[in-house]
Amino acid sequence: MSENLTAPVAKGSDGTSAPKTPQTTKAPQGRRTKLTYPKVLLLIAGGLILLSLLRIITGANNLTESGQYTAALNAAVPIGLAGLGGLWAERSGVVNIGLEGMMMLGAFSAGAVGWQHGPWAAALAGILGGALGGLLHALATVTFGVDHIISGVAINIMALGLTQFLAKLWFGAAGGTASAAGGNDKQSPPMPDMPTFTVPGLSDWLLSVEKHHWFLVSDLAGILGSLVSNVSWLTLLTVAVFVVSFFVLWRSSFGLRLRSSGEGPVAAESLGVNVYRYKYAAVIVSGALAGLGGAFLAIYVHIYQDGQTGGRGYIGLATMIFGNWRPGGVAMGAGLFGFMDALQLRGGGPTVHALLLLLAVLLLGLAVWKLRGGHRTQGVISLVAAVLLAVWYATSDTVPLEIVGVAPYLATLLVLSLAAQRLRPPKAIGKTYRRGQGK
């Protein structure tokens with residue numbers, strides 16, 4: 001029987017039907033603004049103009065030098081790969097805290113193979129090492145139903161102990177081949193260089209334009225120059241992996257089934273999707289990508305070193321959250337952290353000091369936006385922070401080295417706090433799923 005959706009008819013005093021009173025409906029709430037490609041390009045253009053103005057006002061030329069962005073790109077690649085790996089796992093409903101451990105396995109595998117067989121073999125070994133970590137995580141969480149956080153933490157602890165033990169056994173054994181080639185208990189023997197990619201002619205021309213320090217033109221030349229000069233082939237491979245991941249996850253039936261396993265596994269199973277299979281595939285790919293990120297770290301400095309990942313797996317997880325579980329957002333988050341990491345290494349205190357002024361302006365704009373939108377508390381907090389940063393900038397010439405060292409992490413926390421209201425994780429993320437539980 002269908003429901004009667006019309007309102008009951010009121011009777012007048014004379015027994016006749018009174019005219020119906022139209023029911024008022026709630027006005028639809030304002031939808032969040034969607035970032036289209038033109039808007040993204042406008043944001044990029046606005047950011048470049050702000051950086052150019054900041055460089056001229058403060059004299060911090062490192063902000064837009066090609067060397068700065070080359071270093072930022074190299075710092076962003078392993079973080080981006082870890083974040084993309086986390087995206088694959090979590091889109092299938094599996095939380096992957098073990099990204100750090102999978103990066104360790106990838107870095108160690110790359111160091112163990114690379115010094116004998118070259119950087120490309122090292123990259124492949126890193127992928128396999130990380131994939132094994134992903135397989136172990138999938139076995140624990142998908143098959144045996146272990147809590148995802150506990151499994152991930154256990155993998156991180158296991159990877160740390162295993163790599164340290166194997167390094168002593170393989171690289172530091174007295175009289176061994178690896179030891180004779182330069183290995184020890186803490187590092188592998190050096191491996192050959194990874195080939196780089198340079199566009200002839202264009203690279204030199206952009207470098208010459210950059211040296212003039214023209215407003216906006218030289219800044220753009222410095223950024224573009226970093227993209228066509230001495231770019232690692234692994235960096236180009238990473239870009240391709242991001243593009244392929246987007247099309248696989250959002251433009252293919254495989255990706256639709258994988259994402260449905262993270263949104264509603266019971267409903268997906270009712271439509272014939274083998275949820276276990278897609279979760280396994282996603283977590284193994286997640287480990288492989290994290291392993292490639294670890295391999296990049298070893299290949300970049302030509303050796304594997306103990307503690308080489310330095311928490312980048314956790315930072316990759318943060319970039320995945322900041323990116324709202326989307327490849328483009330992960331890339332932006334990794335780029336931001338890579339930029340800050342390279343800035344504190346190359347520019348030091350004076351350059352990070354210049355960013356205080358930029359951050360004060362951005363927070364002032366955020367405060368105005370929040371106050372106009374009726375969010376008084378957030379607006380006032382942003383305004384107070386902007387004033388404090390402006391005072392800090394005006395009353396100092398540099399930033400202490402202790403703050404410079406943690407600047408990338410502070411930037412990550414700030415961005416995550418500002419983006420928290422727009423996040424929407426997969427609905428079934430972290431939940432234990434059992435085949436046939438919907439029956």
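Structure: see above.
Residues numbered from 1 in each chain as written. Predicted model: local features only at pLDDT ≥ 70, side-chain atom pairs only at ≥ 80, totals over all residues. Heavy atoms only, no water.

### Section: the nonpolar core
Counting 49 residues, the largest nonpolar core has Leu234 and Ile299 as the members making the most contacts within it. Of all the secondary structure elements, the ones that give two or more residues to this core are α2 (66-91), α3 (99-117), α4 (119-143), α9 (233-250), α12 (275-301) and α13 (312-322). Looking at this core element by element, the count peaks at 14 residues for α12. Not counting the four nearest positions on each side in its chain, isoleucine 299 is found in contact with Pro119, Ala122, Ala123, Met191, Met194 and Leu234. The next biggest cluster of nonpolar side chains, apart from the first, holds 25 residues, and it includes Leu63, Ala72, Ala360 and Leu366. (Core = buried A, V, L, I, M, F, W, Y, C linked by side-chain atoms within 4.5 Å. Buried < 20%, exposed > 50% of the residue type's maximum accessible area, 1.4 Å probe, protein only. Helix = DSSP H or I, 4+ residues; strand = E, 2+ residues; numbered from the N terminus. Contact = heavy atoms within 4.5 Å.)

### Quick word on the packing of aromatic side chains
Inspection of every chain in the model, using the stated rule, returns 11 aromatic pairs. Through a chain of ring-to-ring contacts, three or more aromatic side chains come together here, namely Phe108, Trp170, Phe171 and Tyr304. In this arrangement the basic side chain of lysine 370 is found over the ring face of tryptophan 369, its NZ or CZ atom lying 5.0 Å from the centre. Directly above the aromatic system of tyrosine 276 lies the positively charged group of arginine 435, at a separation of 4.2 Å from the ring centroid. (Phe/Tyr/Trp six-rings, centres within 6.5 Å; stacked < 30°, edge-to-face > 60°. Lys NZ or Arg CZ within 6 Å of the ring centre and 35° of its normal.)

### Overview of the environment of serine 218
Residue position: serine 218 is located in helix α8 (residues 217-228). Note on serine 218: relative accessible area 2%, which makes it buried. Sequence-wise, serine 218 and leucine 206 are 12 residues apart; in three dimensions their C-alpha atoms are separated by 8.2 Å. If sequence neighbours within four positions are ignored, serine 218 has contacts with Val209, Glu210, His212 and His213. A polar contact is formed between the side chain of serine 218 and the backbone nitrogen of histidine 213, at a distance of 3.1 Å. A polar contact is formed between the side chain of serine 218 and the backbone nitrogen of tryptophan 214, at a distance of 2.6 Å. (Polar contact = N/O pair within 3.5 Å; in protein donor to acceptor, adjacent residues only side chain to side chain.)

### Some remarks on the environment of proline 195
Its location among the elements puts proline 195 in the loop between α6 (177-180) and β1 (196-197). The spatial distance from the C-alpha of proline 195 to the C-alpha of asparagine 230 is 8.6 Å, given a sequence separation of 35 residues. In this structure, proline 195 is in contact with Trp120, Val231, Ser232 and Trp233, ignoring residues within four places of it in sequence.

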